[in-house]
Amino acid sequence: MDPCQPVGDQAFRRQDPYGRWPEMTYGGALSFLRRPYTRNLQGVDIAVMGIPFDGAVTYRPGARLGPRAIRAASVSLAELKAFPFGFDPFTRLSVVDYGDCFLDPHHPDGIVGTIEREARAILDTGTQLVSLGGDHFVTYPLLRAHTAVHGPLALVHFDAHSDTWDDDGCRVDHGTMFARAVQEGLVDVARSVQLGIRTHNDRDYGFRVLTAPWIHREGPGKASQVVRDRVGAAPCYVTIDVDCMDPAFAPGTGTPVVGGLSSSQFLEILRGLNGLKIIGADIVEVAPAYDVSDITALLAATAAHDCLCLMAADRPEYAPPRQER
């Protein structure tokens, strides 16, 4: 190692959003994947933002602590080239940790507007956004912000639940917001897929639904192909509820449902979405109080890491400006 090379605490010391420094995996300032903390988005491709909100849950609370847990679990993914992609995403993308969206839990009527405005402020700079929840309701204001920029989106939705139960248009509920998103024209259901579903809903709103038993039977490769065929070239938003996985693989969540995907099945499907035009993503419903040895947080961190890799896959390596001699 070059003794003159900067090492450690790049979360606050590093100025360049490309590349990375050596870190002690067990020490140093935490950020997602050790990216620099900043709200200066000049020249930034992707901002990672935490959304610590769990006021919409219908069972166990605690997802407000999800962003913190995901950041902590991400340290082991920040050292080597990405598997199985075989490249360093931070030589292709300039990525920063934007910190958390500040929310006042004592004024829940302002939650939707606050998240939407914060996300829109990022998107309006030309920066893409990967969000760390929080409960799944946060995807609704995120979709509002993204569709204001991109128009109606194809939705790739990993979940145990459809989240399309009856909605009155104003409730704050992590089980109804995709019904509202469809009704508001945020989602192009003809291009959208739900994966891992294993709860019954009388109405599918036009989504293509790949249930967990279907995926167990047909396999992850076929599931990825169905998604790629249905989404096509449409701008696509990926939302990942960690309860898509069986509780054996993701116990740290608020509404676990048995019979879900294994972590390997999920990752094979996600990594098989190469070629999609992913314009944004979120990972939600990590509730660390119910986790075991941080396995749910690590799975969520890996999912967010792999979303970044999918978004980086078709970009060239960054070439820093040549220095005049």
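Keep in mind that this is a model prediction, so the values were computed, not measured.

Time to look at the UniProt feature "binding site: Mn(2+)" (unreviewed entry) in the chain. Sequence positions flagged by UniProt for "binding site: Mn(2+)" (unreviewed entry) are, in local numbering, His136, Asp159, His161, Asp163, Asp241 and Asp243. A maximum C-alpha distance of 12.2 Å among these annotated residues, which run over 108 residues, shows that they cluster at one spot. Tracing the backbone shows His136 in the loop between strand 3 (128-133) and helix 4 (139-150). Among the residues examined, His136 registers a relative accessible area of 0% and is labelled buried. With sequence-adjacent residues up to four places away left out, His136 is seen in contact with His157, Asp159, Asp163, His174, Met177, Phe178, Thr239, Asp241, Asp282, Val284 and Glu285.

The N-to-C vectors of helix 2 (residues 66-73) and helix 9 (residues 295-312) enclose an angle of 75 degrees; their axes lie 8 Å apart at closest approach. In terms of their interaxial angle, helix 2 and helix 9 are classed as roughly perpendicular. Contact residues: Ala69, Ile70 and Ala73 in helix 2; Ala297, Leu298, Ala300 and Ala301 in helix 9. Partitioned by chemical class, the residues of the contact of helix 2 with helix 9 number seven nonpolar, no polar and no charged.

Turning our eyes to something else, we now look at the environment of Gly19. Position of Gly19 relative to the elements: it lies in the loop between helix 1 (10-13) and strand 1 (46-51). Distance in space between the C-alpha atoms of Gly19 and Leu93 is 8.8 Å, their sequence separation being 74 residues. Ignoring any residue separated from it by four or fewer positions in sequence, one finds Gly19 in contact with Arg14, Arg35 and Phe90.

Okay, the packing of aromatic side chains next. Tallying each qualifying case throughout the model produces three aromatic pairs. Between the aromatic rings of Phe137 and Tyr140, the centroid separation amounts to 5.9 Å while the plane-to-plane angle is 45 degrees, which identifies the pairing as tilted. We classify Phe137 as buried; its relative accessible area is 0%. Of the residues examined, Tyr140 reaches a relative accessible area of 2% and is grouped as buried. Note on Phe158 and Phe266: the rings are 5.1 Å apart at their centroids and 85 degrees apart in plane angle, and the pair reads as edge-to-face. Within this pair, whereas Phe158 is found in strand 4 (residues 154-158), its partner Phe266 is found in helix 8 (residues 263-271), the two being separated by 108 residues in sequence. The exposure class assigned to Phe266 is buried, which follows from its relative accessible area of 0%. In this structure, Arg60 is placed above the aromatic ring of Tyr290, and the distance from its NZ or CZ to the ring centre is 4.0 Å. Over the aromatic face of Tyr140 sits the side chain of Arg180, whose NZ or CZ is 4.9 Å from the ring centroid.

The strand order across the open sheet formed by eight strands is 2-1-3-8-7-4-5-6, and the pairing between neighbours is parallel. Looking along the sheet, the strands with just one partner apiece sit at the ends: strand 2 (95-100) and strand 6 (208-211). Strand-to-strand twist across the sheet, computed as the mean angle between neighbouring axes with direction ignored, equals 15 degrees. In this sheet, strand 7 (residues 235-241) lies alongside strand 4 in parallel orientation, the contact comprising five bridges.

Here is what the cut-offs are and how they apply
Residues numbered from 1 in each chain as written. Predicted model: local features only at pLDDT ≥ 70, side-chain atom pairs only at ≥ 80, totals over all residues. Heavy atoms only, no water. UniProt positions renumbered as here; feature names shortened; annotations may be inferred. Helix = DSSP H or I, 4+ residues; strand = E, 2+ residues; numbered from the N terminus. Buried < 20%, exposed > 50% of the residue type's maximum accessible area, 1.4 Å probe, protein only. Contact = heavy atoms within 4.5 Å. Axes fitted to C-alpha atoms, helices over the stretch in contact; angles between N-to-C directions. Parallel < 35°, antiparallel > 145°, perpendicular 65-115°, else oblique. Nonpolar A, V, L, I, M, F, W, Y, C, P; charged D, E, K, R; others polar. Phe/Tyr/Trp six-rings, centres within 6.5 Å; stacked < 30°, edge-to-face > 60°. Lys NZ or Arg CZ within 6 Å of the ring centre and 35° of its normal. Pairing = 2+ DSSP bridges.

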